[in-house]
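Residue-level listing of the chains:
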Amino acid sequence: MTATKCLSLSSQISDDWPGYSLDLFSYPAHYSGDLDCVIIPHGVIMDRTERLARNIMDELGDHDIVVLCVLKGGYQFCADLVDRIKALSRNSNRTIPMRVHFIRLKSYLNDQSTEDLHILGAEDLSFLAGKAIVGTGKTMKTLLKHVEAFGPKMIKVAGLLVKRVPHSSACVPDYVGFEIPNRFVVGYALDYNEYFRDLNHICVISESGKLKYKI
Ligand code: HPA
Ligand code: MG
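Below is a summary of the structure that appears in this document. As the structure is a prediction and not an experimental result, all values here were calculated from the model.

Let's talk about unusual backbone geometry
- For the bond from Leu71 to Lys72, the omega torsion is -5°, close enough to zero to count as cis.
- Looking at the element boundaries, Lys72 is found in the loop between strand S3 (65-71) and helix H2 (75-90).
- A positive phi angle, near 80°, is found at Phe196, a position not held by glycine.
- Mapped onto the secondary structure, Phe196 falls in the loop between strand S9 (185-186) and strand S10 (202-205).

Section: the sheet that holds S9
- Strand order in the open sheet formed by three strands is S2-S10-S9, with antiparallel pairing between adjacent strands. Looking along the sheet, the strands with just one partner apiece sit at the ends: strand S2 (35-40) and S9.
- Summarising the sheet, S9 and S10 pair through two bridges and their orientation is antiparallel. Among the inter-strand pairings, Val186 is bridged to a residue of S10, identified as Cys203.

Side note on the packing of helix H1 (residues 42-60) against H2
- Between H1 and H2, whose axes approach to 9 Å, the crossing angle comes to 55°. With respect to each other, H1 and H2 are oriented oblique. When you trace H1 past H2, the crossing you get is right-handed. Together, Met46, Thr49, Glu50, Leu52, Ala53, Arg54, Ile56 and Met57 of H1 and Phe77, Asp80, Leu81, Arg84, Ile85, Leu88 and Ser89 of H2 make up the contact between the two elements.

Regarding the environment of Ile56
- Its place among the elements puts Ile56 in helix H1.
- Spatially, the C-alpha atom of Ile56 lies 9.5 Å from that of Ile96, the residues being 40 residues apart in sequence.

Digging into the side chain of Arg197
- The residue Arg197 is located in the loop between S9 and S10 in this model.
- A polar side-chain atom of Arg197 sits 3.4 Å from a polar atom in the side chain of Asp191.

What to know about the side chain of His201
- Along the chain, the position of His201 falls in the loop between S9 and S10.
- Taking the relative accessible area as the measure of exposure, His201 reaches 10% and is therefore buried.
- A distance of 3.1 Å separates a polar side-chain atom of His201 from the backbone oxygen of Ser26.
- At 2.9 Å, the side chain of His201 forms a polar contact with the backbone nitrogen of His42.
- In this structure, His201 is in contact with Phe25, Ser26, Val38, Ile40, Pro41, His42, Val186, Gly187 and Tyr188, ignoring residues within four places of it in sequence.

Cut-offs applied
Residues numbered from 1 in each chain as written. Chains lettered and ligands numbered in written order. Predicted model: local features only at pLDDT ≥ 70, side-chain atom pairs only at ≥ 80, totals over all residues. Heavy atoms only, no water. Helix = DSSP H or I, 4+ residues; strand = E, 2+ residues; numbered from the N terminus. Pairing = 2+ DSSP bridges. Axes fitted to C-alpha atoms, helices over the stretch in contact; angles between N-to-C directions. Parallel < 35°, antiparallel > 145°, perpendicular 65-115°, else oblique. Left-handed = near helix turned anticlockwise from the far one by under 90°. Contact = heavy atoms within 4.5 Å. Polar contact = N/O pair within 3.5 Å; in protein donor to acceptor, adjacent residues only side chain to side chain. Buried < 20%, exposed > 50% of the residue type's maximum accessible area, 1.4 Å probe, protein only.

Written as structure tokens, this is what we have:
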């Protein structure tokens, strides 16, 4: 089973969307001047995640699944998505028994993707055989190859964000929160050199923010 398909049901944020002014929302004062705008407010992320949880429940309800959370950037989305699936499982006749496993991917320095992708914690995923997986996070292509080798019955990928990259051959998740412009975003666990994970909204970093936290 392949995870590649059209982006038919994601919420699209267009290239000319200016975002919300930071003055409209609260955010940590230590980031003032480091951000250009709020591109997706936290509440909207939560509402969209609730709907993704329902779609997952509708399609996978009654399967046993192993959730593979991709750290660090995927931790918040994974936690919130699992939380919504748990709430649906409590309140309906359909349930999804879930086990949660964590792996770590690292490929970005500053705002650039580096060649070497490190997968940590995925040495032995043989327990995935015969299970359905909902992975959350980014940089899925390499990871999918790695996971497929363990022979799971089904693989489903959930990603909060997909960037509109021209001529991309990247895998598209089965469950997508938002399709966004090809800009570097931070917040909601997405970082720039480990900063901004402690920001609730998904924001566009400013040029001075990039300089301040550059390594
Ligand atoms: N922000 C943070 N991490 C990332 C991004 C981004 O826009 N793209 C890929 N990794
Ligand atoms: Mg990162």
